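Each chain is listed here by its residues.
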Amino acid sequence: MVNERLQADMMTVLEGLDEQLRGIAEIQLRRSRLTATARTCEQRIEVTVNADGLLIDTTFADDISDLTYDEIAAGMTAAVQQAAAEALRLGAELMQPLRERKMQLPKMSEIIEGAPDLGEMMPTAPPVPKRVEDYRESQPDGPADGSVRRSMVSDED
């Protein structure tokens, strides 16, 4: 009886996994075609980025020469950041149905007593700086994962 329940639970997980994999493939295809566009400086600068936020197209209006180089530089930065934020939002929107389906699946710890909850073990990435000044601030010493480096030659570490 217990084995039948375990087998049924495992089949549910496998069916859910198969559905997740098909959903991921579809989302990856749709995301690969995703772009976002933003305009700044009174529509004089238009940029388009891909799903990764990489600049793929730039268009300047005929009256771009009315702006200073500093205004153009600031306008480009702002436009790319706006378009990248929109691409990120659209990508998250694509993922939402997949996240909802994932929440409906039982966790491994619910099926197998004592199994770890793998979701809780996933590290979270720190936020990426949005200003060049933030990159100039001092970087933490040592590896980002908190591990300690040891010399392979010396036992004095």
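Every residue gets a number counted from 1 within its own chain, in the order that chain's sequence is written. At least 70 in pLDDT is required for a residue's local features to be given in this predicted model, at least 80 for side-chain atom pairs to be given and counted, and no such filter applies to totals for whole chains, interfaces and linings, which use all residues. Computation of side-chain values: all heavy atoms of the structure, hydrogens and water removed.

Draft legend 1. Layout of the sheet that holds strand E3 (residues 55-60). In space, the three strands of this open sheet follow the order E1-E2-E3, with antiparallel pairing throughout. Two strands close off the open sheet at either side, each with one partner strand: strand E1 (35-40) and E3. Taking each pair of neighbouring strands and ignoring which way they run, the sheet shows an average axis angle of 15°. A strand pair is defined by DSSP finding two or more bridges across the two strands. Put simply, DSSP H or I for four residues or longer makes a helix, DSSP E for two residues or longer makes a strand, and each gets a number counted from the N terminus. Only the stretch in contact is used when a helix axis is fitted, and all axes are lines through C-alpha atoms; the angle between N-to-C directions ranges over 0 to 180 degrees.

Draft legend 2. Structural detail: a nonpolar patch on the surface. Patch building starts from residues that exceed 30% relative accessible area and form no salt bridge, then joins like charges within 9 Å and nonpolar side chains (Val, Leu, Ile, Met, Phe, Trp, Tyr) within 5 Å. Using the Shrake-Rupley algorithm and a 1.4 Å probe, accessible areas are obtained, with residue cover drawn only from the displayed protein chains. Salt bridges are identified by distance alone: a Lys or Arg side-chain nitrogen within 4 Å of an Asp or Glu carboxyl oxygen. A cluster of nonpolar side chains, Leu6, Met10, Met11, Leu14, Leu17, Leu21, Ile24 and Ile112, forms an exposed patch at the surface whose accessible area comes to about 660 Å². With respect to the helices, strands and loops of the structure, Met11 is situated in helix H1 (residues 2-32).

Draft legend 3. Structural context of helix H2 (residues 69-104). Given a helix with a known number of residues, its expected span is that number minus one, times 1.5 Å. Taking 1.5 Å per residue, 36 residues should reach 52 Å; H2 reaches 53 Å between its end C-alpha atoms and fits that length. The largest bend in H2 is about 40°, located at Gln96, with the proline Pro97 one to four residues further on. Relative accessibility thresholds used throughout: buried, under 20% of the residue-type maximum; exposed, over 50%; partly exposed, between the two (1.4 Å probe, protein chains only). Of the residues making up H2, those classed as buried are Ile72, Gly75, Met76, Ala79, Ala83, Ala87, Gly91, Leu94 and Leu98. Fitting axes to the seven residues ending at a residue and to the seven starting there, one defines the bend at that residue as the angle between these axes.

Draft legend 4. Structural view of the pattern of salt bridges. All told, the structure shown has eight salt bridges when counted by the stated rule. In this structure, Arg31 engages Asp52 in a salt bridge whose closest nitrogen and oxygen atoms are separated by 2.7 Å. With a gap of 21 residues between them, Arg31 in helix H1 and Asp52 in the loop between strand E2 (45-50) and E3 connect regions that are remote in the sequence. Each of Glu42, Arg44, Asp63 and Asp66 takes part in one network of salt bridges that share partners.

Draft legend 5. How the structure looks around the nonpolar core. The criterion is simple. A nonpolar core is a set of buried Ala, Val, Leu, Ile, Met, Phe, Trp, Tyr and Cys residues joined through side-chain atoms within 4.5 Å. With 17 residues, the main nonpolar core has Ile45, Val47 and Ile72 as its most contacted residues. Only E1, E2 and H2 provide two or more residues apiece to this core. By residue number, the principal contributor to this core is H2, which donates seven residues. Not counting the four nearest positions on each side in its chain, Ile45 is found in contact with Ala38, Arg39, Thr40, Thr59, Phe60, Ile64, Ile72, Gly75, Met76 and Ala79. Whether two residues touch is decided by their heavy atoms; if any such pair falls within 4.5 Å, the residues are in contact.

Draft legend 6. The pairing of E3, seen in detail. The pairing of E2 with E3 spans five bridges and is antiparallel. Along E3, the bridge assignment pairs Val49 with Leu55. Counting the residues that bridge the hairpin from E2 to E3 gives four residues, and of these Gly53 lies at a positive phi of roughly 80°.

Draft legend 7. Here's a closer look at the side chain of Asn50. Inspection of the secondary structure puts Asn50 in strand E2. For the purposes of these results, a polar contact is taken to be a pair of N or O atoms within 3.5 Å, where, inside protein, one atom must be able to donate a hydrogen and its partner to accept one; residues adjacent in sequence count only when each atom of the pair is a side-chain atom. Within polar-contact distance, the side chain of Asn50 engages the backbone nitrogen of Asp52 at 2.9 Å. The contacts of Asn50, once residues within four sequence positions are left out, are Leu34, Thr35, Ile56 and Ala87.

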